[in-house]
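Chains, contacts and geometry: an overview
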Amino acid sequence: MPIRFRWSSKEYIPIAFMLFGACGLFQVFFIFVAQYFLGVGNHLVVILIPIGATIALFFGVIIIFESFAQVERKKKLKTQFSKSLQKFSKIQKILYFPIVRPLTITFPIFTILFFSTYGICYIFLNNIIAFIIAENLATITSLLIANFIEKKYAKVQRY
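Now for a quick tour of the structure.

Criteria and cut-off values
Residues numbered from 1 in each chain as written. Predicted model: local features only at pLDDT ≥ 70, side-chain atom pairs only at ≥ 80, totals over all residues. Heavy atoms only, no water. Helix = DSSP H or I, 4+ residues; strand = E, 2+ residues; numbered from the N terminus. Buried < 20%, exposed > 50% of the residue type's maximum accessible area, 1.4 Å probe, protein only. Core = buried A, V, L, I, M, F, W, Y, C linked by side-chain atoms within 4.5 Å. Contact = heavy atoms within 4.5 Å. Expected span 1.5 Å × (residues − 1). Patch = residues over 30% accessible without salt bridge, like charges linked within 9 Å, V, L, I, M, F, W, Y side chains within 5 Å. Areas by Shrake-Rupley, 256 points an atom, 1.4 Å probe, with all protein chains shown as cover. Salt bridge = Lys/Arg side-chain N within 4 Å of Asp/Glu carboxyl O.

A word on the environment of Ile-99. Following the sequence through the fold, Ile-99 ends up in the loop between helix H3 (90-95) and helix H4 (100-124). What makes Ile-99 buried here is its relative accessible area of 13%. Along the sequence, Ile-99 and Ala-22 sit 77 residues apart, while their C-alpha atoms lie 9.9 Å from each other.

Residues Leu-19, Phe-110, Phe-114 and Phe-131 are the most contacted members of the largest nonpolar core, which totals 29 residues. Elements with a contribution of two residues or more to this core: helix H1 (13-36), helix H2 (43-78), H4 and helix H5 (127-152). The leading source of residues in this core is H1, at nine residues. The residues touching Phe-131, leaving out its near neighbours within four places in the chain, are Phe-30, Ala-34, Val-40, Val-45, Val-46, Ile-49, Pro-50, Phe-114 and Tyr-118. The next biggest cluster of nonpolar side chains, apart from the first, holds five residues, and it includes Ile-63, Ile-64, Phe-68 and Ala-146.

With that settled, the discussion passes to H1. A rise of 1.5 Å per residue sets the reference length of H1, with its 24 residues, at 34 Å; its end C-alpha atoms lie 34 Å apart and thus fit the reference within 8%. Inspection of H1 places Ile-15, Ala-16, Leu-19, Ala-22, Cys-23, Phe-26, Gln-27, Phe-30, Val-33 and Ala-34 among the buried residues, and these make up the whole buried set. The elements touched by buried residues of H1 are H2, H4 and H5.

Taken together, the side chains of Ile-120, Ile-123, Phe-124, Leu-125, Ile-129, Ile-133 and Leu-137 define a hydrophobic patch exposed on the protein surface, amounting to about 690 Å² of accessible area. Within the residue set of the nonpolar patch, elements represented by two or more residues are H4 and H5. Here Leu-125 is to be found in the loop between H4 and H5.

Remember, this is a structural readout, not a statement about activity or role.
Right, dumping it as structure tokens:
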């Protein structure tokens, strides 16, 4: 049975706020890039599209967080009596921290897809429409990859 966190409980709401804040800050970076470097001058597009992308990225990060928690729970149940201590470097400790790991998966995927799609669309369309298409395509692909990670890595079966 998959782990389902009650994100509104007092235990998990700080984690949810941290993940949502990280997604929001990430999208603020893209607002800045769109306004000043890509030349997207429409304020409505530059504000509303990243708000939707923030919510969608947050949902994808939550999916990945829950799938990693599921796998960690299975590992802990299998090896709870073993005494093997593992030495991790500082970089590994930071990267394997439960909040950082879903973000390090989602953000590079989104960034690469956004800039590659924007570059291709900018050849054929104007910069506003290219921004809209790139932002939406990168968000949808990030959600699909989060779903793929949940299905293949954690082997979660939803009803």
